[in-house]
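Results of the structural survey
Now for the letters of each chain:
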Number of protein chains: 2
Amino acid sequence: MKSKGELTREKILEVARELFNSKGFNATTIRDLVAATGMQKGSLYFHFEGKDAIAREVLSEATAEFMDFLSKSLSGENPGECIDNFFRCALKKHLGTGFVGGCIFGNTALEMSDSDPEFAGAIDKVFDEWISRVAVAVSNAQNNGQIRADIGSKALAQYIVATIEGGIMMSRLKKSERPMKECLETLRITLGLRNEIQNNQQ
Amino acid sequence: MKSKGELTREKILEVARELFNSKGFNATTIRDLVAATGMQKGSLYFHFEGKDAIAREVLSEATAEFMDFLSKSLSGENPGECIDNFFRCALKKHLGTGFVGGCIFGNTALEMSDSDPEFAGAIDKVFDEWISRVAVAVSNAQNNGQIRADIGSKALAQYIVATIEGGIMMSRLKKSERPMKECLETLRITLGLRNEIQNNQQ
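Keep in mind the model is a prediction, meaning the values are calculated, not measured.

This brings us to the domain arrangement of chain A. Residue and element names in this part refer to chain A. Along its sequence, chain A is carved into domain 1 (1–48) and domain 2 (59–201). Counting each side, the surface lost to burial between domain 1 and domain 2 is near 700 Å², with a carbon and sulfur contribution of 43%. If you sort the residues of domain 1 by the area they bury against domain 2, Arg17, Asn21 and Phe25 come out on top, with a joint share of 70%. Linking domain 1 with domain 2 are 1 salt bridge. The partner of Arg17 in a salt bridge is Glu65, and the shortest N-O contact between them spans 3.0 Å. Counting every contact that joins domain 1 to domain 2 gives 4 residue pairs in polar contact (both at pLDDT 80 or more). Class assignment for the residues of the side of domain 1 that touches domain 2 results in 3 nonpolar, 3 polar and 1 charged.

Turning our attention to the relation of the copies chain B and chain A. Mapping chain B onto chain A calls for a screw motion: a turn of 180 degrees about the axis and a shift of 0.0 Å along it, with 0.0 Å RMSD after fitting. Such values leave the two copies arranged in the relation of a two-fold axis. A shared binding surface is used by both copies, with 100% of the interface residues of chain B retained as interface residues in chain A.

Moving on, we come to helix H1 (residues 4–23) of chain A. Since the α-helix turns once every 3.6 residues, residues separated by three or four places project in the same direction. Residue and element names in this part refer to chain A. Between the first and last C-alpha of H1 there are 28 Å, a value that for 20 residues agrees with the 28 Å anticipated at 1.5 Å per step. All of the buried residues in H1 are Thr8, Ile12, Leu13, Val15, Ala16, Leu19, Phe20 and Asn21. Positive backbone phi, approximately 100 degrees, marks Gly24, located one or two places after H1.

This part covers the pattern of salt bridges. Opposite charge on two side chains makes pairing possible when the charged atoms of those side chains draw close. Applying the stated criterion across every chain yields a total of 34 salt bridges over all chains. Between Asp128 of chain A and Lys174 of chain B there is a salt bridge, with the nearest N and O atoms lying 2.8 Å from each other. Here Asp128 of chain A, found in helix H7 (residues 117–143), pairs with Lys174 of chain B, found in helix H8 (residues 153–174), and the two come from separate chains. Overall, the relative accessible area of 32% leaves Asp128 of chain A in the partly exposed class. By relative accessible area, Lys174 of chain B is classed as partly exposed at 25%. Of the charged contacts in the structure, one is a salt bridge between Asp150 of chain B and Arg148 of chain B, with a shortest N-O distance of 2.7 Å. Salt bridges here are not isolated pairs; linked through shared partners, they connect Asp84, Arg88, Glu185 and Arg188 of chain A.

Now for the packing of helix H4 (residues 51–73) of chain A against H7 of chain A. Residue and element names in this part refer to chain A. For the pair H4 and H7, interaxial distance at closest approach is 11 Å and the crossing angle is 0 degrees. Here H4 lies roughly parallel to H7, going by the angle between them. Contacts between H4 and H7 pair Asp52, Ala55, Arg56, Leu59, Thr63, Phe66, Met67, Leu70 and Ser71 from the former with Glu118, Phe119, Ala122, Ile123, Val126, Glu129, Trp130 and Arg133 from the latter.

Conventions and cut-offs
Residues numbered from 1 in each chain as written. Chains lettered and ligands numbered in written order. Predicted model: local features only at pLDDT ≥ 70, side-chain atom pairs only at ≥ 80, totals over all residues. Heavy atoms only, no water. Domains from an automatic or database assignment. Buried area = accessible area lost by both parts, 1.4 Å probe. Salt bridge = Lys/Arg side-chain N within 4 Å of Asp/Glu carboxyl O. Polar contact = N/O pair within 3.5 Å; in protein donor to acceptor, adjacent residues only side chain to side chain. Nonpolar A, V, L, I, M, F, W, Y, C, P; charged D, E, K, R; others polar. Least-squares fit on C-alpha atoms with pLDDT ≥ 70 in both. Contact = heavy atoms within 4.5 Å. Helix = DSSP H or I, 4+ residues; strand = E, 2+ residues; numbered from the N terminus. Expected span 1.5 Å × (residues − 1). Buried < 20%, exposed > 50% of the residue type's maximum accessible area, 1.4 Å probe, protein only. Axes fitted to C-alpha atoms, helices over the stretch in contact; angles between N-to-C directions. Parallel < 35°, antiparallel > 145°, perpendicular 65-115°, else oblique.

This is how it looks when you write it as structure tokens:
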């Protein structure tokens, strides 16, 4: 069972994550956190040194969750199916929130990349890891004839991640799944993605 | 010659745009604007009703500039060249800032799409217009055999804009042209973009 202190800490992180996503990190004040948690300022400072420490922890938790999401969604009977499944899970994930909040890494990237090199570095690592994991699946799919092989797997993985981030951006603006869904569909076609293995190309 | 009032107004807008891009709109306060412009608060309020009015004007100016950029960069001897030229100009534009600031529409999209429907609507219109103009060039290029014709021009245009926004995001994180440049290169290949007209397909 979790201690009262652990529960308090979790609540602070949960509320902070919502505020960072809806208002942005820079605009969220300790006063906002006090109001939204209903806690005393002293209690916040007992658990965290300040807003930066809370933000680091929020980012660290979100990173762990996202890596778990990647492991679960980049899965299937073969590499092509892994990528197709990842596309479907990514769309479902954002559909589930009604395109509110978006991608915490994309949001923080645009907010912090000029103002906070430490944060930018941490987010850059998340993107690098995301791209690397997708690149492994792309490379395997290329070996199976399930994705076009005339472009390097790393370049294709980076392009997949970029297109997804852009698709989320436009779906958030319209509060509609259409842009993200259509971007994923266009990705499938332009990648030449096939769920079945082309044995002749192995 | 511009009046003193016009110059003051321009200075406020210029400083506000920099602050909105570096800190975000929500985190920028009237106090920040006073400090950065070196003006009196009263002078700011003489020219604008408040932060929202300043933001609307910044967005409106940025939109006009961007439409002008689109007209100039989406140009060339034929539709395929127009698109290729647009890619080169977009990269050059962000290279020129060292990937600081990024795309004001992308930044504001991620910051405001959940919190301010009026702003989100204005930004959504910019994206729609951007996509429409690219779609015209894509459609013409498809008719000339300069872009693959198995995907609709509107879907391809949306995917181009999404990939560019994602590429800018990753280049800003790394402060390197590499991600955006590679995304544009992958776009060229996956679109089947050719600068020369394929007469046999006309």
